[in-house]
Amino acid sequence: LRQKTFSPELKALGNSDIKTVLVRSQSRYAPFNRALDADLLYEVSTERSSQLQRVFVRVTQGTGNYRYLGDLNNNGLADENEFVLTRYDGDYVAVTVPTDQLVPIIDLKTGLRLRYSPARLFTRPSGGFEKFLSILSGESYLRVDEKSTERDLKQIYLLHLSHFQNDSTTITGDRQFTQDVFFFDGQQAFSTRLRYSQEYGLNNFSGGTERTYTRERSVRLRWQLVPEISNQIDFVNKIDRLASAAASPRARDILSNDVTFDLAYRPRQEVELGFKVEVARGTDRRPLPATNADLNSQSVRFVYAFQGAGQTRVELERDEITMPRAPQTFPFELTGGRVVGKTWVWRAAFDYRITSFLQASMNYDGRVEQGGAPVHTGRAEVRAFF
């Protein structure tokens, strides 16, 4: 508990008394030979904060993830909706900075992780039900973050969720739940992961509020029938929504389905050859009519590891995006920043530790988008540690 009081002379200059409360608790519980492993975090504090605003800062071309479209409304200002995400050659980054006016807030962070492994309950599973439980494991994760100007503080620190993510009081808020179910977890021959994840978010910027919603349902299969060859298949069904009170190029309502097949061949421990195929369809349902985007991607890779010293990696990738009705602009998340048409990308990377205090790295990227001219980017770096 901290309380700061000001003299009448300083109060006349605009200062006011401040009372700060900070509570932090971390707990862990692992009974039944760690068949259940639980971690709980609870942290809450009162402080003074301000409303946030998003500012775009210019950086060296190629190091940013936004680009400026220009003064579209001819008002002489670089407005927020005139910046869009880009996959390559971005020369702006978005930073969130506080405004000048401070207000008292309550900041809550809490999370619960449950990891359960029924196999630890049995020394030697005998019956069919025990054998089934021994191949089953899972993890549940729940997180709640809230930064709010709510005056009735107990509504926040007692987790009355009806007062969370309120347009008039919340500065930032996030609620996430993830459930994973594993079969044969950690076994090389075969393993499966089932995932359900859901997240709600609210950000109250100076330009208006943004609400986000993400839901993922996915299945992952891994198997390794022989020591040299491993396979992985992922199927992901995802919803990605962003609604904004003001007009924003980031507003979206995307439903996507994605299937990825990854084959890896390791004739030796230090050598890997890989082949990856991805097929996906995304639909942006806002605004109507809906916009569909189909993706097919293929890539091959070669990795060679210098044991204990570094590795080199070479990769070639082909992406193709098709749209039956291609709008002039569409959300970055619909295609992951890929342009309509065919894109060829090739990469090479080399990392090597020369000595215990000297490390060198080199990276090269090249691409051709929509049959245009090739673009080459190279970077080399040597780091010394003292």
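The text that follows walks through the structure, step by step, so that each part is easy to find. Because the structure is a prediction, the values reported are computed rather than measured.

A short note on the side chain of S299
Point 1. You can see S299 is positioned in strand β15 (residues 291–306).
Point 2. Contacts of S299, omitting those with residues within four sequence positions, involve G274, F275, K276, E315, L316 and E317.

Focus on the packing of aromatic side chains
Aromatic rings in a pair are described by how distant their centres are and how their planes are angled relative to each other.
Point 1. On inspection of all chains with the given rule, the structure shows 11 aromatic pairs.
Point 2. Taken together through their ring pairs, the aromatic side chains of F56, Y66, Y68, F83 and Y92 make up a single cluster.

Things to note about the pairing of strand β16 (residues 310–322)
Point 1. The pairing of β15 with β16 spans 13 bridges and is classified as antiparallel. Across the sheet, the residue bridging to V303 is R313, located in β16.
Point 2. With antiparallel pairing between neighbouring strands as the criterion, β15 and β16 make up a hairpin whose turn holds 3 residues, including G308 at a positive phi of roughly 75 degrees.
Point 3. Of the strand pairs in this sheet, β16 and strand β17 (residues 341–355) are connected by 12 bridges, and their pairing is antiparallel. Its bridge partner lying in β17, T312 is registered against F350.

Structural notes on the nonpolar core
Nonpolar side chains in soluble globular proteins tend to be buried together.
Point 1. Counting 7 residues, the largest nonpolar core consists of Y42, V44, I106, L108, V144, I156 and F164.
Point 2. Mapped by element, the contributors of at least two residues to this core are β4 (36–58) and β7 (92–116).
Point 3. With sequence-adjacent residues up to four places away left out, I106 is seen in contact with V44, S45, T46, E146, K147, S148, E150, L153, I156 and Y157.

Side note on the environment of V226
Point 1. Locating V226 in the fold gives a position in strand β11 (residues 208–226).
Point 2. Spatially, the C-alpha atom of V226 lies 9.7 Å from that of Q188, the residues being 38 residues apart in sequence.

Some details on the pattern of salt bridges
Point 1. Within the structure shown, the criterion is met by 38 salt bridges.
Point 2. In this structure, the salt-bridge partner of D152 is K154, at a minimum N-O distance of 3.0 Å.
Point 3. For D152, a relative accessible area of 28% translates into the label partly exposed.
Point 4. Given a relative accessible area of 37%, K154 falls into the partly exposed group.
Point 5. A salt bridge links R301 to D262; the nearest nitrogen and oxygen atoms lie 3.1 Å apart. Of this pair, R301 sits in strand β15 while D262 sits in strand β13 (residues 252–268), and the two are 39 residues apart along the sequence.
Point 6. Residues joined in a network through salt bridges with shared partners are R87, R313, E315, E317, D319, R338, R347 and D365.

About the criteria used
- Residues numbered from 1 in each chain as written.
- Predicted model: local features only at pLDDT ≥ 70, side-chain atom pairs only at ≥ 80, totals over all residues.
- Heavy atoms only, no water.
- Helix = DSSP H or I, 4+ residues; strand = E, 2+ residues; numbered from the N terminus.
- Contact = heavy atoms within 4.5 Å.
- Phe/Tyr/Trp six-rings, centres within 6.5 Å; stacked < 30°, edge-to-face > 60°.
- Pairing = 2+ DSSP bridges.
- Core = buried A, V, L, I, M, F, W, Y, C linked by side-chain atoms within 4.5 Å.
- Buried < 20%, exposed > 50% of the residue type's maximum accessible area, 1.4 Å probe, protein only.
- Salt bridge = Lys/Arg side-chain N within 4 Å of Asp/Glu carboxyl O.

On their own, these measurements won't tell you what the molecule is for.
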